Amino acid sequence: MGKKCSEIEKEIDRIRLQIYEETKDLTPEQHVEWVKNIGEKFAKEYGIQIVSRAE
């Protein structure tokens, strides 16, 4: 009896592969910048303030 993937699981796998393809050749420094850029876009879109350090 085989397990069928749900549509959500298929979408997660597609996104995971896309992220891998976008980042596989990045240096660690480039990867940090890639993540920071995504975080900044997300924060702007949802009105979230990014802080460098919580007091």
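Before reading further, recall that the structure is shown in the block above.
None of the values given here were measured: they were computed from a predicted structure.

Q: Describe the overall build of the protein, and please don't skip the residues or the numbers.
A: Summing up its helical and strand segments, the protein has 2 helices and 0 strands in all. Against the compact-globule benchmark of 10 Å for 55 residues, the protein has a radius of gyration of 16 Å, which places it well outside the compact range. By principal-axis analysis of the C-alpha atoms, the protein measures approximately 55 × 30 × 20 Å. Within the protein, the fraction of its 55 residues that count as buried is 4%. Side chains of the protein carry 10 positive and 12 negative charges; the gap between the two charge centres is 4 Å.

Q: So what's going on with the pattern of salt bridges? Residues and values would help.
A: Scanning the model with the defined rule gives 5 salt bridges in all. A salt bridge links Glu21 to Lys24; the nearest nitrogen and oxygen atoms lie 2.9 Å apart. Owing to a relative accessible area of 40%, Lys24 belongs among the partly exposed residues under this scheme. With its nearest N and O atoms 3.7 Å apart, the salt bridge here joins Lys36 to Glu33. Remark: Glu33 and Lys36 occur in helix H2 (residues 28–46); sequence separation between them is 3 residues, near one turn of the helix.

Q: So what's going on with the side chain of Thr23? Residues and values would help.
A: For Thr23, the location among the structural elements is in helix H1 (residues 7–23). At a separation of 2.8 Å, a polar atom in the side chain of Thr23 contacts the main-chain carbonyl oxygen of Ile19. Dropping the residues within four chain positions of it, Thr23 is found in contact with His31 and Trp34.

Q: If you had to explain H2 to someone new, which residues and values would you point to?
A: With 19 residues, H2 should reach 27 Å at 1.5 Å per residue; the first-to-last C-alpha distance of 27 Å fits that figure. Directly beyond the C-terminal end of H2, a positive phi value near 70° is found at Gly47.

Q: Explain a nonpolar patch on the surface residue by residue, including any values.
A: Taken together, the side chains of Phe42, Tyr46 and Ile48 make up a nonpolar region of the molecular surface, amounting to roughly 330 Å² of accessible area. Counting through the fold element by element, Tyr46 comes out in helix H2. Judged by relative accessible area, Tyr46 falls into the exposed class, the value being 53%.

About the cut-offs
- Residues numbered from 1 in each chain as written.
- Predicted model: local features only at pLDDT ≥ 70, side-chain atom pairs only at ≥ 80, totals over all residues.
- Heavy atoms only, no water.
- Helix = DSSP H or I, 4+ residues; strand = E, 2+ residues; numbered from the N terminus.
- Rg over C-alpha atoms; globule rule 2.2 N^0.38 Å.
- Buried < 20%, exposed > 50% of the residue type's maximum accessible area, 1.4 Å probe, protein only.
- Lys, Arg positive; Asp, Glu negative; His and termini not counted.
- Charge placed at Lys NZ, Arg CZ, Asp CG, Glu CD.
- Salt bridge = Lys/Arg side-chain N within 4 Å of Asp/Glu carboxyl O.
- Polar contact = N/O pair within 3.5 Å; in protein donor to acceptor, adjacent residues only side chain to side chain.
- Contact = heavy atoms within 4.5 Å.
- Expected span 1.5 Å × (residues − 1).
- Patch = residues over 30% accessible without salt bridge, like charges linked within 9 Å, V, L, I, M, F, W, Y side chains within 5 Å.
- Areas by Shrake-Rupley, 256 points an atom, 1.4 Å probe, with all protein chains shown as cover.

Scope: geometric values only; no functional claims are made or implied.
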